[in-house]
Amino acid sequence: MTLHDDAVLVLKAYEGQEELRQVYLDHLSAHPDGMWKACTAGHVTASALVLDPEAGRVLLTLHRKLRMWLQMGGHCEPGDPTLTSAALREAGEESGIEGLTLLPGGPVRLDRHAIPAPCNWHLDVQYAALAPAGSTAAVSDESLDVRWFGYDEVAAVADASVVRLVEATRARLAG
């Protein structure tokens, strides 16, 4: 199975955000290269919100290029066998935390956002990753900083997309 096929299966199984989910599926149907950065019509990306639920906090990265506080994530790579493995790889690389585990239940939400050319659009499949107790984060080459924020602090530093991801993750944790 290819990463493209895996993404289609993940999206077909995802419940919620029906209209946006269909946009993703239509994109992948129209663009066989829709998983890759080279697809200038947009491409699927994978991200994960790293959290420490016992402390009620999330780890965000100050993205080097965008200069925004975001969840960990980015482009899929040819070595990624699945979308979930891409999200977990990105979360580990950008957080510096080993032993992350994805929150069960598949993606937490989807987010489509414009980005600077040549990419134009990211069709982000967003997961949540649990950090092991006592984890220490490290700044990666893609970041200016990484920092833990209490759930209630996120709205003051991040955009609405990250706030919605935190809310959806907290709802999954509670449910």
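Residues numbered from 1 in each chain as written. Predicted model: local features only at pLDDT ≥ 70, side-chain atom pairs only at ≥ 80, totals over all residues. Heavy atoms only, no water.

### So, the overall build of the protein chain
Alright, step 1. Looking only at helices and strands, one finds five helices and eight strands in the protein chain.
Alright, step 2. Tracing the protein chain from N to C terminus, the helices and strands come up as α-α-β-β-β-β-α-β-β-β-β-α-α.
Alright, step 3. Taken over C-alpha atoms, the radius of gyration comes to 15 Å for the protein chain, in line with the 16 Å a tight globule of 175 residues would show.
Alright, step 4. Expressed as lengths along the three principal axes of its C-alpha atoms, the size of the protein chain is roughly 45 × 35 × 30 Å.
Alright, step 5. For the protein chain, the proportion of its 175 residues judged to be buried stands at 48%.
Alright, step 6. For the protein chain, contacts bridging at least 24 residues in sequence account for 67% of all contacts bridging at least 6. (Helix = DSSP H or I, 4+ residues; strand = E, 2+ residues; numbered from the N terminus. Rg over C-alpha atoms; globule rule 2.2 N^0.38 Å. Buried < 20%, exposed > 50% of the residue type's maximum accessible area, 1.4 Å probe, protein only. Contact = heavy atoms within 4.5 Å.)

### What about the nonpolar core?
Alright, step 1. With 31 residues, the main nonpolar core has Met35, Val50, Leu83 and Val125 as its most contacted residues.
Alright, step 2. Listing elements by their share of this core, those giving two or more residues are helix H1 (3-13), helix H2 (18-30), strand E1 (43-52), helix H3 (83-95), strand E7 (121-130) and strand E8 (143-150).
Alright, step 3. Examining the composition of this core, we find that five residues originate from one element, H1, more than from any other.
Alright, step 4. Not counting residues within four places of it along the chain, the set of residues in contact with Leu83 comprises Leu3, Asp6, Ala7, Val10, Met35, Val44, Ala46, Cys76, Val125 and Tyr127. (Core = buried A, V, L, I, M, F, W, Y, C linked by side-chain atoms within 4.5 Å.)

### A closer look at the pattern of salt bridges
Alright, step 1. Applying the stated criterion across every chain, the model contains 10 salt bridges.
Alright, step 2. The partner of Glu90 in a salt bridge is Arg89, with the nearest N and O atoms 3.1 Å apart. An identical accessibility class is assigned to Glu90 and Arg89; each is buried.
Alright, step 3. The salt bridge partner of Arg109 is Asp111, with a shortest N-O separation of 3.9 Å. There is no split in this pair, since Arg109 and Asp111 are both buried.
Alright, step 4. Residues joined in a network through salt bridges with shared partners are Glu77, Asp80, Arg89, Glu90 and Glu93. (Salt bridge = Lys/Arg side-chain N within 4 Å of Asp/Glu carboxyl O.)

### What about the packing of aromatic side chains?
Alright, step 1. Taken as a whole and assessed by the stated rule, the structure comprises one aromatic pair.
Alright, step 2. Between Trp69 and Phe149, the ring centres sit 5.1 Å apart and the planes meet at 75°, which makes this aromatic pair edge-to-face. Taken together, the positions of Trp69 in strand E3 (residues 69-70) and Phe149 in strand E8 put the pair 80 residues apart, joining distant regions of the chain.
Alright, step 3. Looking at Trp69, the relative accessible area reads 11%, which means it is buried.
Alright, step 4. The class of Phe149 is buried, set by a relative accessible area of 7%.
Alright, step 5. Lying over the aromatic face of Trp148, Arg57 brings its terminal NZ or CZ to 4.1 Å of the ring centre. (Phe/Tyr/Trp six-rings, centres within 6.5 Å; stacked < 30°, edge-to-face > 60°. Lys NZ or Arg CZ within 6 Å of the ring centre and 35° of its normal.)

### Focus on the environment of Asp26
Alright, step 1. As for its placement among the helices and strands, Asp26 is situated in helix H2.
Alright, step 2. Under the relative-accessibility criterion, Asp26 is labelled partly exposed at 43%.
Alright, step 3. Sequence separation between Asp26 and Ala133 is 107 residues; the distance between their C-alpha atoms is 40 Å.

### Points about the side chain of His63
Alright, step 1. The residue His63 is located in strand E2 (residues 57-63) in this model.
Alright, step 2. Within the local environment of His63, its side chain forms a polar contact with the backbone nitrogen of Lys65, the two atoms lying 3.1 Å apart.
Alright, step 3. Residues in contact with His63, not counting those within four places in the same chain, are Met68, Leu70, Glu142 and Leu144. (Polar contact = N/O pair within 3.5 Å; in protein donor to acceptor, adjacent residues only side chain to side chain.)

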